[in-house]
Amino acid sequence: MAVAEAQLYAKVSNKHRGRSTSALLEPLLAKGFPAHIAQKALVATGQKTTEDAVKWLHSHCNDPSLDDPIPQEYALYLCPTGRLHSRLQDFWQESKRQCGRNRAHEVFPHITLCDFFTCEDQKVELLYDILKRVGDSFSQSFPPSISLTLHASPSYLGFFIDDSQANVLKDFAVAFSSEASALADCQVKPSLKQFHLTLAHRFYPHHQKTLEQLAKCINPGEPCQWVAALYSRDMRFVHYQRLRALFQYKPQHIDELLINSGDLIYVDPRQQSEAGEGWVIGTSHRTGCRGFLPENYTERAHEADTWVRHREYVFDAASRAFNKAGKEPNVKLNGEAHNPSMSRSVTNVLSPQLPPNAALRRGVLVMRHGERVDQVFGKSWLQQCLTADGKYYRADLNFPSSLPRQKDSMKQFDCDPPLSCCGIFQSRLIGEALLDQEVTVSSVYSSPALCCVQTAQHVLQGLKLNQKVKIRVEPGLFEWTKWEASRAIPDFMTVAELVEASYDIDTSYRGNFPLSSLVPSESYEDYVSRSSVVIKQIISACPSKGRGVILIVGHGSSLASLTRALTGLPSRDSGDLAQMVRKIPSLGMCFCEEQKEENKWQMVNPPVKTLTHGANTAFNWRNAIMED
């Protein structure tokens, strides 16, 4: 058991456990569920219906923590609804599209009244009663509208609340926290700082201007009904990342995790050393089970996606009500949906109009190479394919049918492995998808690694541009040499050998970094500097007039080192880079678009969808079928 969890157990194990007489609890007890587990299920589902709790219990039948006495954490937020809420969600979506995620995107629009505190499961209903009682006592003094003033700084953007109105909110928060502390035995701290509604937080300073422009499109005086809502979260996973499953995955080994499409997964970045490339260890929010899962089956989710909404108090002069969560159609999490009748088009409200020359903007598509043979068959792949006299043969259909000729022995492929047949198919498929989207590739640059040259070749074939666009082999695009297992620079195929092997190589191109300049185990600073120089030289060498995409085929690290240098972002920490590269699949890509009027480049969505597929293990019919 982890030290932190042991401390939590000690904190709650000696507390007196009362018995609730909730109408929702009795049917669960009648079905034979122990009281503490039934209460846990009710709390985990927001105490809405017995059916929800039973479904949760069935899903968590193999949850190893089902008997654990750790309570949930609760927070009281003041949330806008109606038109203002819709405008804020529009801002959330558009700011993420134009500037990428920032810390504010993790949670829905809100004003914090009481930050997270713990409450024992059997006392949660007391919190509901307290919320209603305190809400009733403040219903007449609650401001009919709340004045919001935009405030901006290099790392924060949001609305500040008028002092006189903020004092009423603080009194409400103090009253709730006092009663909760006294009656439900909770240590609740009301928020007493400057009351605010955050729009953006911890963003890059160069995005401040864009974010402010988007924020000024929000009319803070839009009709709004304010709701005090009680949320909970699992305190064990506060510092974990959240992933959302895009596809179902059925385990092929006992230590793997079953996931369904839409499942939310908790992942601790600090505990991924056991996971192989392309895999993560996670805990399912739906089942509580833990195991390995393929990372490319997931996308990043928001922190609040795993929170549970319990009860709310609606402040409304015309009709005051205390409702269960879910009855207000305008309140949703993280901008995934809202009432369309209350919102005009996002494009009309927030999206800046594209300048007349937008169609002529240049783009840079940075792509990781396709699947290599050693990623499937291991570092000793070549030994599996050599006869006794040293000739190559195809030991599996995923091995290439032949290897290109090199001047020296085939041992050079050990450090410079080719694509697998699936890698060739992946690359061609991406090229065909780019062709379908009418992407015009004007220039192609490749790392000297054979897998990158092959990827570029087959992408061009899918685009039907082979013979028309030549591949420029740029040694400066090779990955961080410290990661080379051989501790030496691979003996790459020469341009002449590549041409002889029928690759469409630009023989007139002279790289910005000669091969001799690559040194083994270079420092991280040298790698970052090399990447920055090479991307800038590539951009300056390509025509700036007319629309065209520069395709760069490199390695997993290229997606960060090249695009961050191009868009003016600071380089990642070397440890963060290693962790990020683990998450980038074959043919993973980033796309940057030139904002010529602002003299900068901006990261935008790639022109084609991602490519996702499952593993296909080796099969021996004799062992699998014939043997008992």
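Predicted, not measured: the structure shown is a model, and the values here were computed from it. (Residues numbered from 1 in each chain as written. Predicted model: local features only at pLDDT ≥ 70, side-chain atom pairs only at ≥ 80, totals over all residues. Heavy atoms only, no water.)

S.K.: Could you give an account of the overall build of the protein, with specific residues and numbers?
M.R.: Assigned secondary structure in the protein consists of 17 helices and 19 strands. Expressed as a percentage of its 628 residues, the buried residues of the protein come to 51%. Put simply, 75% of the contacts in the protein that link residues at least 6 apart link residues at least 24 apart. Of the roughly 29900 Å² that the protein leaves accessible, carbon and sulfur atoms contribute 51%. (Helix = DSSP H or I, 4+ residues; strand = E, 2+ residues; numbered from the N terminus. Buried < 20%, exposed > 50% of the residue type's maximum accessible area, 1.4 Å probe, protein only. Contact = heavy atoms within 4.5 Å. Areas by Shrake-Rupley, 256 points an atom, 1.4 Å probe, with all protein chains shown as cover.)

S.K.: I'd like a rundown of the sheet that holds strand β10 (residues 290–294), residues and numbers included.
M.R.: Each strand in a sheet pairs with its neighbour through backbone hydrogen bonds, running either in the same direction (parallel) or in the opposite one (antiparallel). Here five strands make up an open sheet; going across it, the order is β10-β9-β8-β7-β11 and the pairing antiparallel. The two strands at the open ends of the sheet, each matched to only one other strand, are β10 and β11 (298–300). Across the sheet, the mean angle separating the axes of adjacent strands is 45° when strand polarity is ignored. Bridging between strand β8 (residues 264–267) and strand β9 (residues 279–284) involves three bridges; their strand directions are antiparallel. Within the sheet, the bridge partner assigned to tyrosine 266 lies in β9 and is threonine 283. (Pairing = 2+ DSSP bridges. Axes fitted to C-alpha atoms, helices over the stretch in contact; angles between N-to-C directions.)

S.K.: Now, about the environment of alanine 456: what can you tell me, with residues and values included?
M.R.: Along the chain, alanine 456 falls in helix α12 (residues 450–462). Among the residues examined, alanine 456 registers a relative accessible area of 0% and is labelled buried. On a C-alpha basis, the gap between alanine 456 and asparagine 466 in space is 9.7 Å, while along the polypeptide they are 10 residues apart. Not counting residues up to four positions away in its chain, the partners in contact with alanine 456 are Val444, Ser446, Ile471 and Val553.

S.K.: I'd love a proper account of helix α7 (residues 163–183), names of residues and values included.
M.R.: Taking 1.5 Å of rise per residue, 21 residues should cover 30 Å, and α7 covers 30 Å from first to last C-alpha, within 8% of that figure. Residues Gln165, Ala166, Val168, Leu169, Phe172, Ala173, Phe176, Ser177 and Ala180 constitute the buried set of α7. All buried residues of α7 fall inside an arc of 165° around its axis, so they share one side. Opposite its buried face, α7 presents the exposed residues Asp163 and Ala182, each directed more than 90 degrees away. The inward-facing, buried residues of α7 contact β1 (72–81), β2 (111–119), α6 (124–138), β4 (156–161), β6 (225–234) and β12 (308–315). Aspartate 185 occupies a position one or two residues after α7 and carries a positive phi of about 55°. (Expected span 1.5 Å × (residues − 1). Arc of directions from axis to C-beta.)

S.K.: Please set out the pairing of strand β14 (residues 362–368) residue by residue, giving values where relevant.
M.R.: For β14, a buried count of seven out of seven residues is recorded, marking the element as mostly surrounded by other parts of the structure. Summarising the sheet, β14 and strand β17 (residues 548–554) pair through seven bridges and their orientation is parallel. Considered in β17, the bridge of leucine 365 is made with leucine 551.

S.K.: Lay out the confidence of the model for the protein with the relevant residues and their values.
M.R.: Detailed reading of the predicted model is not advised wherever pLDDT is low. Mean pLDDT over the protein: 85, with 87% of residues reaching 70 or higher. Note on residues 326–359: pLDDT under 50 across the span, and 70 contacts to partners over four residues away in sequence or across chains. (pLDDT = per-residue confidence, 0-100.)

S.K.: Can you break down a nonpolar patch on the surface residue by residue, with the values?
M.R.: A cluster of nonpolar side chains, contributed by Phe619, Trp621 and Ile625, occupies part of the molecular surface with about 400 Å² of accessible area. For phenylalanine 619, the position within the fold is in the loop between β19 (600–604) and α17 (621–626). (Patch = residues over 30% accessible without salt bridge, like charges linked within 9 Å, V, L, I, M, F, W, Y side chains within 5 Å. Salt bridge = Lys/Arg side-chain N within 4 Å of Asp/Glu carboxyl O.)

S.K.: How would you summarise the environment of histidine 555 if you had to cite specific residues and measurements?
M.R.: Tracing the backbone through its elements, the reader meets histidine 555 in the loop between β17 and α15 (558–567). By relative accessible area, histidine 555 is classed as buried at 3%. As for histidine 555 and phenylalanine 478, which are separated by 77 residues in sequence, their C-alpha atoms are 7.2 Å apart. In this structure histidine 555 touches Arg368, His369, Ser447, Ala449, Cys452, Leu477, Phe478 and Glu479, once residues within four positions along its chain are discounted.

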